[in-house]
Amino acid sequence: MRTLRRLAYWLRLSSHHADLLNEVEFHREMVEQDLITRGMSPAAARIEARRTMGNDTVMREEARGVWLWPSLEALWQDATYTMRDLRRNPTFTIGVALTLALGIGANAAMFSLIDRLLFRPPPFMVDASTVQQVYMYRTSRGKESGTGGQYARYADMARYSTAFSQFAGVSLKRLAVGVGEETRVRRVAIVSAGFFGFFDAPPVLGRYYTPNEDALPDPAPVAVLSHALWTTQFGARRDVLGATLRIDAVEYTIIGVAPEGFVGLWPYRPPVAFVPLATYGRSEGPPDWATTYGHSFGIDPIARRKPNVTIAQASADLTNALRRSYQAQYEGRPAGAPLDELRPRAVAASVLEERGPEPSSALRPARWLAGVTVIVLLIAAANVANLLLARAIRRRREIAVRLALGVSRRRLFGQLVTEGVILALVGGAAGVALAVWGGRVLSATFLPGTEPVSIITDARTLVFSGLVALGVGLVTGMAPMAQLARTSLVADLKSGPREGTHGRSRLRTSLLLLQSALSVVLLVGAGLFVRSLRNVREVRLGFDADPVLLVELEMRDVRLDSAATVALRLRLLEAAKALPGVSHAALRESIPFAGMSSYPIKVDGIDSVRALGEFDFNSVSAEYFAAMGTRILRGRGFETTDRGGTRPVMVVGQSMAKVLWPGKDPIGQCVRVGLDSMPPCRYVVGVAEDIHSESIEPESKLYFYYMPALQWKPQDGGLFVRVRGEASAMAEPLRRGLQREMPGASFVTVNPMGNIVGAKMRSWIVGATLFTAFGVLALVLAAVGLYSVIAYNVTQRKHELGVRLALGAGRFGVVRLVVMESVRFALAGVAIGSVVALAAGKWIGPLLFDQSPRDVVVFGTVTVVLACVAIVASWVPALRAAGLDPKTALQAD
Amino acid sequence: MPRTTPAELLPGTLDLLILRTLVRGSNHGYGIAQRVKELSRDVFQVGESSLYPALQRLTLNGYIKPEWGVSDNNRRARYYTLTPAGRKQLVAEEREFERIVAAIRLVLELA
């Protein structure tokens, strides 16, 4: 009730105010009249009435205070005072807000990314903490690696595990959606019917499919559309139910539409439709797709733990289920169960795939980048604290006057903190605006090919930014207080520049040093990453990625026999060569960095070739080496005459030649490739340079050889096409040219090879770009900090400098005096920052490529850069100092 | 719970006196002050600086209700009327006051 009345009072604040004034005025008149009736003269009565009434302002304030929450009232006053003050100093306000915006914006963008990668459950998921993604491992040749993906394995896991109340199989694939011209490769979620049970997301239209429709042996061709596809492709029409949608080889009937924002497990890679696991499996797999362990669809199981089942118990249960699955797989096979060798192991991990049992490739750089953004925030905060401090010192006299007039220090403190918080909130709001942009850049860098997510509408990010802003505001607002706590009232009241009290503030100096030291750390990081990236780019991969386009064939439901497929591939090869802009084209089976093929090989005189390492191969046509730019070091590459029926030949990599025939001529050697006990000889005709096929870092015990495409599975794989000029510009003409040869609904995709290799360089590209961006940001902030401190010092020393000039100091001398002060700050910062950077080298070292974290060039460059920035930052104040008119300076104040 | 701010008299008694004077009918601030003064035979001088905050406090608590009216000498004045809640509060405060006065008397007599 009281609160309601209070609110009502607040709403009519001014009218209440007037009422009170009138009321008191009436009272005064009555007193006056009373005095007149008692015989006082009207004039004397008026004065006497006023006197007896006492201080009516205090009384009015007190009467009003009854209604107000006193602390709120004080806060309001502080806020309005601050606003007025900030409006009066727009440069200061904008400078501070911008500084904070950069710091808070970087952190908001980073938070949004990390939050989504690591913490936020998929939208609509019920009780996500009990949902686990299942990872499976097995050991082969003493090395443990991931496994799974088969339908049979998934079915076994669902059947044999007991710790879960819900189980589903999921796979996200890029598939051809639509027919004819409309066909696009899009993400489709292939999920078992139980998947939808993990969510509370009733369809906006129609229904989800049932276990019956996802059941063997005859699953139904039904699909559920995403809300996005429904609105963009089908105009959100309600009669979409019953219509058909072609996905890959199957004509699906649309039975439902998922609610808006339902993206399954993939917020960054939203699927356009959901189709039953069994339907997809039957359409894509071999006839025994559902029972074989030899065909993987990339199915990942997800499962919900029963209540009271711990994660450890869940993992143990899954491991047990996996063992039983392997037992079932090897049942009836001789020579005992290989379980002891396989050591199957399953892990119940977070449903967020980036968390996984091992951090993902995007996550690792994201983690230390989060550290970098925190440093940026620290720099920004130090900068703002410094600016506020400078202002507080400039306002010393004003504050001293207020203290003398009886303002409590607590109240003054409150006012300073209010000022800090208001500035931080303004900066925070601007920061969020920056983060909207920055977040897009970040997610494009970390999660290329994904949909950006809005930050401005995201409550978690906004709350985070608000809290950060508040925290920064409180801390920076308090900084001036530390200074004021020491001031002596009397000294300040009397003080002026003339007193020559140009005692440097220790706090300000430390803040400035902190700033320059932190920017040195970031700049050193930037330098190291830029050099790493350069080293990465200079690595000879054994082929040129940039001018090469990768052609892949998507056959959909077009089933050609081997001969027809070979004929098609040869037609494509001719079509590619005939296109203007194409310099070379070749058939190829596998793709470096995207999985090479391997086959058992035998070499006469060597007991176990397998013991020497891993031997991968590619089967390629005549122009392959020219198309890829892989150099033939000895002998020859392939000719068009190397085909079925002619002598079987091969080209081996340099290292392979060395390891198999040390000290001997590899040309003419015999290698037997195949599963049989004694496959026929294949003769080495050439030696090619080594290539990287898995990582950019040096690969050991990984060897390559090549076989002519027409002699080894000529029906498998696609093409490599080398073009003149920009590869990405040629992608579309090439696609159109090749598409003409494709029968029926089949189609080709063309992508620059550079994209595939680029993905492997991503962590260095990310490191170099973002460290540089943040390093420059830090440098700008440090420059602003230096400028403000130097400019302030010049103002403080105006009198002293005036004396110097009057005594005949040269203009140049004064400039040098000021600039050197700035440079000294910067160099001190470099010294501290270098120590920190050297210490941090231990952690940053593993992230670099062929680059010492103690690179002299990098440290030297950073020192020079910072010194230059110090000179530039102090240049304007220095000129101002040199331009002082001694007379004015001495007379001022 | 009403907030008890120390008045010039005994703590809380100003509120009690104001409420009591209003039992006879509504009155304005000046009238209330005069009445307290008269009734107490000039013992209590209610200062404006405590009167008006007290009136605001009582209004906030809903014990009295202000209304603009016309005074005897034809001037606009704000009249305060006792509300039912105020009447209840008056009874309670009177009882509380009696209790305290009795207790003080006891101490004075027996100590």
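Basis of the calculations
Residues numbered from 1 in each chain as written. Chains lettered and ligands numbered in written order. Predicted model: local features only at pLDDT ≥ 70, side-chain atom pairs only at ≥ 80, totals over all residues. Heavy atoms only, no water. Helix = DSSP H or I, 4+ residues; strand = E, 2+ residues; numbered from the N terminus. Buried < 20%, exposed > 50% of the residue type's maximum accessible area, 1.4 Å probe, protein only. Areas by Shrake-Rupley, 256 points an atom, 1.4 Å probe, with all protein chains shown as cover. Core = buried A, V, L, I, M, F, W, Y, C linked by side-chain atoms within 4.5 Å. Contact = heavy atoms within 4.5 Å. Disulfide = S-S within 2.5 Å. Pairing = 2+ DSSP bridges. Salt bridge = Lys/Arg side-chain N within 4 Å of Asp/Glu carboxyl O. Polar contact = N/O pair within 3.5 Å; in protein donor to acceptor, adjacent residues only side chain to side chain. Nonpolar A, V, L, I, M, F, W, Y, C, P; charged D, E, K, R; others polar. Expected span 1.5 Å × (residues − 1). Bend = angle between axes of the 7 residues up to and from the residue. Axes fitted to C-alpha atoms, helices over the stretch in contact; angles between N-to-C directions. Parallel < 35°, antiparallel > 145°, perpendicular 65-115°, else oblique. Left-handed = near helix turned anticlockwise from the far one by under 90°. Lys, Arg positive; Asp, Glu negative; His and termini not counted. Phe/Tyr/Trp six-rings, centres within 6.5 Å; stacked < 30°, edge-to-face > 60°. Lys NZ or Arg CZ within 6 Å of the ring centre and 35° of its normal. pLDDT = per-residue confidence, 0-100.

Undergrad: Just checking my understanding: could you explain the overall build of chain A for this structure?
TA: The helix and strand inventory of chain A stands at 27 helices and 24 strands. Looking at the 893 residues of chain A, the share that counts as buried comes to 52%. Surface summary for chain A: the accessible area is close to 40,800 Å², and the carbon and sulfur share equals 58%.

Undergrad: What am I meant to see in the nonpolar core here?
TA: Residue and element names in this part refer to chain A. Of all hydrophobic cores here, the largest spans 102 residues; its most connected members are L369, F446, L522, F543, Y706 and F774. Per element, the largest residue contribution to this core is 15 residues, and it comes from helix α23 (residues 762-796). Ignoring any residue separated from it by four or fewer positions in sequence, one finds Y706 in contact with N618, V620, Y624, F625, T630, F638, V649, M650, V651, A688 and I691. If you look at the next biggest cluster of nonpolar residues, it comprises 47 residues, including L229, V240, W289 and A321.

Undergrad: For this particular structure, what's the right way to read unusual backbone geometry?
TA: Keep in mind that most residues, glycine aside, have a negative phi and that most peptide bonds are trans. Residue and element names in this part refer to chain A. Each neighbour pair has its own omega, and for L216 with P217 the value is 0°, a cis peptide bond. Its location among the elements puts P217 in the loop between β6 (205-206) and β7 (222-225). We note that A236 has phi near 55°; this positive angle belongs to a residue other than glycine. With respect to the secondary-structure elements, A236 resides in the loop between α8 (227-233) and β8 (244-247). Positive phi outside glycine occurs at D850, with the angle close to 55°. For D850, the location among the structural elements is in the loop between α25 (811-844) and α26 (856-882).

Undergrad: Got a minute to help me understand the state of the cysteines in this structure?
TA: Residues and elements named next belong to chain A. Under the defined criterion, the tally for this structure stands at one disulfide over all chains. Two residues, C670 and C681, share a disulfide whose sulfurs are 1.8 Å apart. For the disulfide bridge between C670 and C681, the dihedral angle about the S-S bond is near -95°, and by the sign convention the bridge is left-handed. Of this pair, C670 sits in strand β20 (residues 670-673) while C681 sits in strand β21 (residues 681-688), and the two are 11 residues apart along the sequence. Like C670, the residue C681 is buried in the burial classification.

Undergrad: Would you explain the sheet that holds strand β3 (residues 76-82) of chain B in this entry?
TA: Backbone hydrogen bonds hold the strands of a sheet together, and the pairing may be parallel or antiparallel. Residue and element names in this part refer to chain B. The three strands lie next to each other as β1-β3-β2, forming an open sheet whose pairing is antiparallel. Every interior strand has two partners, whereas the edge strands, β1 (27-28) and β2 (64-70), have only one. Note: β2 against β3, seven bridges, orientation antiparallel. Bridge pairing in β3 places P66 opposite Y80.

Undergrad: Would you explain the side chain of N27(B) in this entry?
TA: Residues and elements named next belong to chain B. Tracing the sequence through the fold places N27 in strand β1. With relative accessibility at 16%, the residue N27 sits in the buried group. Setting aside anything within four residues of it in sequence, one finds N27 in contact with L22, I32, R35, R78, Y79 and Y80.

Undergrad: I would appreciate a short explanation of the interface of chain B and chain A in the present structure.
TA: In many analyses, interface size is given as the accessible surface area lost on bringing the parts together. The interface is formed by 29 residues belonging to chain B together with 22 residues belonging to chain A. One salt bridge in this structure joins E29(A) and R75(B), with 2.4 Å as the shortest N-O distance. The interface formed by chain B and chain A holds five residue pairs in polar contact (both at pLDDT 80 or more) in total. Sorting elements by how many residues they give to the side of chain B that touches chain A places helix α3 (residues 48-61) of chain B first, with 11 residues. Here the side of chain B that touches chain A is built from residues that sort into 12 nonpolar, 10 polar and seven charged.

Undergrad: Explain α25(A) to me, please; I cannot follow it from the model alone.
TA: An α-helix turns once per 3.6 residues; consequently, residues spaced three or four apart project the same way. End to end, α25(A) covers 46 Å across 34 residues, agreeing with the expected 50 Å (1.5 Å per residue, within 8%). Largest kink in α25(A): about 30°, centred on L838(A).

Undergrad: Mind showing me how you'd approach the packing of helix α12 (residues 363-394) of chain A against helix α14 (residues 409-446) of chain A here?
TA: Helices that pack against each other are described as a pair by the angle of their axes relative to one another and the distance between those axes. Residues and elements named next belong to chain A. Following both chains from N to C, one finds α12 and α14 inclined at 155°, their axes separated by 13 Å at the closest point. With respect to α14, the axis of α12 lies roughly antiparallel. For the crossing formed where α12 meets α14, the hand is right-handed. Taken together, the residues of α14 that come into contact with α12 (itself represented by P365, A366, L369, L388 and R391) are E419, G420, L423, L442 and F446. Each residue belonging to the contact of α12 with α14 can be placed in one class, and the counts come to seven nonpolar, one polar and two charged.

Undergrad: Explain the side chain of R153(A) to me, please; I cannot follow it from the model alone.
TA: By secondary structure assignment, the location of R153(A) is in helix α7 (residues 151-160). No salt bridge is formed by the buried R153(A). Its closest oppositely charged neighbour is D156(A), at 4.9 Å.

Undergrad: I tried to follow the pattern of salt bridges on my own but got confused; where do I start?
TA: Side-chain pairs of opposite charge can arise where the charged atoms are in close proximity. Scanning the model with the defined rule gives 32 salt bridges over all chains in all. A salt bridge links E23(A) to R78(B), with the nearest nitrogen and oxygen atoms 3.1 Å apart. Highlighted residues: E23(A) in helix α2 (residues 13-37) and R78(B) in strand β3, drawn from two different chains. Measuring nitrogen to oxygen at the nearest pair gives 2.5 Å for the salt bridge that ties R120(A) to D115(A). Of the residues examined, D115(A) reaches a relative accessible area of 2% and is grouped as buried. In this structure, a network of salt bridges that share partners links the residues R540(A), D544(A), R631(A), E689(A) and R722(A).

Undergrad: When you look at the packing of aromatic side chains in this model, what are you seeing that I'm missing?
TA: What characterises a pair of aromatic rings is the spacing of the ring centres plus the angle enclosed by the ring planes. Residue and element names in this part refer to chain A. Summed over all chains, the structure comprises 29 aromatic pairs over all chains. Relative to Y154, the ring of Y151 has its centre 5.8 Å away and its plane inclined at 70°; by these criteria the two rings are edge-to-face. Within this pair, Y151 and its partner Y154 are both found in helix α7, separated by three residues, close to a single helical turn. Geometrically, the ring pair formed by F195 and F196 is edge-to-face, given 5.8 Å between the ring centres and 75° between the ring planes. For R153, the ring lying beneath its charged end belongs to Y326, and the centroid distance is 4.0 Å. Over the ring of F720 we find R588; its NZ or CZ atom is 5.5 Å from the centre of that ring.

Undergrad: Looking at this model, I keep getting lost on the confidence of the model for chain B. Mind explaining?
TA: A low pLDDT score tells you not to read the predicted coordinates there in detail. Residue and element names in this part refer to chain B. Residues at a pLDDT of 70 or more form 89% of chain B, whose mean pLDDT is 82. Ranking the elements of chain B by mean pLDDT puts α3 last, at 84, and β1 first, at 90. Long-range and interchain partners of residues 1-8, a stretch whose pLDDT sits below 50, account for 16 contacts in this model, where long-range means more than four residues apart. Interface predicted TM-score (ipTM) for the complex: 0.81; the corresponding pTM is 0.67.

Undergrad: Please clarify how helix α18 (residues 562-578) of chain A should be interpreted in this entry.
TA: Residues and elements named next belong to chain A. If you check α18, its first and last C-alpha atoms are 24 Å apart, about what 17 residues at 1.5 Å a residue would give, namely 24 Å. The set of residues buried in α18 consists of T565, V566, L568, R569, L572, L573, A575 and A576. In the core, the buried residues of α18 are packed alongside β13 (548-554), β14 (582-588), β23 (718-723) and α21 (727-739).

Undergrad: Help me out: how do you make sense of the pairing of β14(A) in this one?
TA: Put simply, side chains in a regular strand alternate between the two faces of the sheet. All names here are of chain A. β14 sits mainly inside the fold: five of its seven residues count as buried. Here β14 runs beside β23; their pairing, made up of six bridges, is antiparallel. In the strand pairing of β23, H584 is matched with R722.

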